[in-house]
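Residue-level structural notes
Single-letter residue listing:
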Amino acid sequence: MCYKTRECNLRVLKTVYVVLLAMWGKMKKEEINNKFKRLKESESIVIVNVGTKLKCTTVKKPIPVIWRLGIVTTCLLFIFIMITYMTGLGPLNSIPHKSLWRTSAHINVYTYTHLASMAIQHIASDQLETQPDRVVSCYYNLPSESETKQLLPSNIDPHLCTHINIGFARIVNKQITLDDYQYKTIRNVVKLKQKNPGLKILLSVGGSGNDNGFSDMVVNHASRKIFIKSIKSILRNYSLDGIDLDWEFPAVHREKIGARERQHFSQLLREIRMEYYREKRNYILTIAAAAPEAIVNLAYDIDQVNQYVDFVNIMTYDYHFYNKYTPFTGLNSPLYPRSSEQMYLATLNVNYTVHMYLDKGLDRSKIVVGIPTYGHTFSLVNANNPRVGSPASGFGSLSTSGFINYPDVCVLVQNFTDVSVVQDNEAKVPYMYRNTDWVSYDTPQSVVEKANFIRENNLRGAMIYSLNADDYAGFCDTGVGRTAEFPLAESVKHALIFNNSEPSERVNKSTE
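Rules behind the numbers
Residues numbered from 1 in each chain as written. Predicted model: local features only at pLDDT ≥ 70, side-chain atom pairs only at ≥ 80, totals over all residues. Heavy atoms only, no water. UniProt positions renumbered as here; feature names shortened; annotations may be inferred. 1 Å grid on protein atoms, 1.4 Å probe; cavity = no way out; pocket = protein on both sides within 12 Å on 5 of 7 lines; lining within 4 Å. Points joined across faces, edges and corners; volume = space filled by probe spheres on them. Nonpolar A, V, L, I, M, F, W, Y, C, P; charged D, E, K, R; others polar. Axes fitted to C-alpha atoms, helices over the stretch in contact; angles between N-to-C directions. Helix = DSSP H or I, 4+ residues; strand = E, 2+ residues; numbered from the N terminus. Parallel < 35°, antiparallel > 145°, perpendicular 65-115°, else oblique. Left-handed = near helix turned anticlockwise from the far one by under 90°. Contact = heavy atoms within 4.5 Å. Buried < 20%, exposed > 50% of the residue type's maximum accessible area, 1.4 Å probe, protein only. Salt bridge = Lys/Arg side-chain N within 4 Å of Asp/Glu carboxyl O. Expected span 1.5 Å × (residues − 1).

If you look the chain up in an unreviewed UniProt entry, it shows as GH18 domain-containing protein from Arctia plantaginis. Checking UniProt for the chain, the heading Sequence similarities (unreviewed entry) contains the comment "Belongs to the glycosyl hydrolase 18 family."

Quick look at the structure:
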């Protein structure tokens with residue numbers, strides 16, 4: 001299917017070129033294929049099935065309009081020459097028919113050959129020389145109208161992130177649904193682009209516990225079409241830059257086994273991308289994807305995801321949290337495995353997840369590593385056994401749901417003398433404990449380690465979840481009598497974008 005402008009342009013060039021050569025009668029199909037093979041080798045672009053079809057690597061620039069005008073002009077010149085000769089008008093009438101045919105065809109073949117070569121060189125050089133910009137994609141959870149202590153759009157630094165994902169919209173009756181206050185908040189977030197026009201703002205659909213509408217929506221083409229229509233409407237009406245799909249997770253729910261959700265999700269991604277192309281809009285399409293390998297194997301066709309999305313926000317966190325199946329302490333988002341972890345436990349870390357996705361075929365340029373700004377709390381069974389993997393009886397007393405925001409952790413560390421903070425030098429993340437409370441969390445130092453990992457592995461970027469859980473009010477002491485807003489997100493940005501490995505904030509009490 002010729003649905004990409006650049007593909008269609010090259011196919012036109014190829015078709016006209018082959019027709020003229022066949023009309024000329026001086027070059028066989030094998031010679032044509034050899035000519036294009038040489039173009040392929042010299043211009044470093046993949047061209048296959050040369051003969052009747054053409055397929056090229058994904059590139060960003062279409063063939064310039066001036067070159068397409070050159071092709072049309074050449075065709076008109078060819079037609080003019082033949083009409084002039086056949087009508088007997090002008091000095092061309094004295095030229096023998098066979099010589100005129102070959103001469104004009106030769107002129108056109110020469111022109112098409114060089115136009116094709118220039119076009120291929122143009123798009124190939126764009127592919128080779130233009131690297132995707134580094135991404136710092138930040139999730140912003142929509143505030144509640146009734147709460148007062150929360151992060152508002154006006155408090156977000158418009159230069160903090162390259163992308164902001166506003167979450168989360170629901171799917172009701174196969175359409176994106178938000179309430180009036182959420183729509184108002186979206187408009188306020190979009191106003192950040194007045195101070196930073198390069199900022200990209202996406203609407204995230206779904207989210208944990210908020211994604212029940214996906215299953216019914218993806219079930220057939222008609223349902224997906226309704227959903228895509230609502231995407232187009234909200235992107236257009238609210239000046240958004242794209243959509244982020246956070247379905248947790250296709251084909252995982254037991255009652256849906258056999259429902260082909262994995263295939264339908266791939267079809268949804270393709271249809272959204274095709275609609276973007278059809279409308280000639282440069283909208284962004286991303287997804288939030290699971291980290292555990294068992295879920296990835298069940299939920300995603302990685303080759304399809306790789307083909308249709310701009311990048312994937314991999315949720316490389318929540319590797320360990322308290323529940324009845326795992327009643328022991330663990331690290332929320334370890335960068336590497338600990339030496340004591342074996343078999344399945346050795347897969348629960350950022351490094352394993354990233355390389356697992358690479359092995360499955362996801363491009364490095366599409367991998368965005370998730371970095372949490374929150375931690376998980378545990379209640380120790382024995383306060384004298386605070387190691388990683390120690391028995392736990394439930395959530396810690398610091399939170400009711402097991403989640404704790406970064407400012408709550410650092411303020412606790414700053415204000416109590418009996419808090420012990422341990423840096424795990426293998427996993428590259430800290431944990432803290434006080435009496436029976438045990439907390440796994442991230443600091444500016446640990447998120448810089450992850451940002452360095454992203455740069456060293458030439459990945460697309462980092463995803464921050466979320467701005468709401470970072471220290472947006474500047475409660476945390478920097479250690480020199482100052483505070484900083486969004487210290488975790490700032491540390492990631494400086495390490496990733498500006499190649500500055502110094503954290504923008506540090507907790508001032510720690511023990512090894």
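That shown, we press on.
So, empty space enclosed by the protein
Considering all chains together, one arrives at two cavities of 30 Å³ or more under this definition. Of the voids in this model, the second largest cavity is the one considered here, and its volume is about 30 Å³. In this structure, the second largest cavity is lined by H320, L331, P334, Y336, R338, E341 and A427. For the lining of the second largest cavity, a count of residues per class yields four nonpolar, one polar and two charged.

Side note on the packing of helix α7 (residues 221-237) against helix α8 (residues 261-278)
Contact pair α7 / α8: the axes reach a minimum separation of 10 Å and the direction vectors enclose 45°. By the criterion of interaxial angle, the relationship of α7 to α8 is oblique. As for how α7 packs across α8, the hand of that crossing is right-handed. Every residue of α8 that contacts α7 at H221, R224, F227, I228, I231, K232 and L235 is listed here: H264, Q267, L268, E271, I272, E275, Y276 and R278. Here the contact of α7 with α8 is composed, by residue class, of seven nonpolar, three polar and five charged.

Let's talk about the side chain of S466
Among the structural elements, S466 can be located in the loop between β15 (461-465) and α14 (487-496). The buried category is assigned to S466, whose relative accessible area is 2%. Other than its neighbours up to four places away in sequence, S466 contacts Y139, N141 and T373.

Thoughts on the layout of surface pockets
The volume enclosed by the second largest pocket comes to roughly 1100 Å³. Considering the residues around the second largest pocket, the lining is formed by 43 residues, among which S208, Y317, D318, Y374 and F403 are closest to the centre. Going through the elements one at a time, β1 (135-141), α9 (293-299), β9 (374-380), β11 (403-405) and β15 are the ones with two or more residues in the lining of the second largest pocket. Per-class residue counts for the lining of the second largest pocket are 24 nonpolar, 15 polar and four charged.

A closer look at the pattern of salt bridges
Tallied over the entire structure, the rule returns twelve salt bridges. Residues D418 and R434 are paired through a salt bridge, measuring 2.8 Å at the closest nitrogen-oxygen approach. Taken as a pair, D418 in the loop between α12 (406-415) and β12 (420-424) and R434 in strand β13 (residues 429-434) lie far apart in primary sequence, 16 residues in all. Note that D442 is salt-bridged to K450, the shortest N-O span being 3.0 Å. According to the relative accessible area criterion, D442 is buried, its value standing at 2%. Shared partners join several salt bridges into a network, and the residues in it are K232, E275, R278 and E279.

Focus on the environment of E502
Residue placement: E502 occurs in the segment after α14. Take E502: its relative accessible area is 58%, and that puts it in the exposed class. Spatially, the C-alpha atom of E502 lies 8.6 Å from that of P444, the residues being 58 residues apart in sequence.

Notes on α8
Working note: α-helix, 3.6 residues per turn, so residues spaced by three or four point in the same direction. Taking 1.5 Å of rise per residue, the 18 residues of α8 would be expected to cover 26 Å, and the 25 Å separating its terminal C-alpha atoms lies within 8% of that figure. Those residues of α8 lying buried are E261, H264, F265, S266, L268, L269, E271, I272, R273, M274, E275 and Y276. Looking at the buried residues of α8, the elements they touch are α6 (214-217), α7, β5 (242-246), β6 (284-289) and α10 (302-308). Two residues or fewer past α8, K280 is found with a positive phi of approximately 55°.

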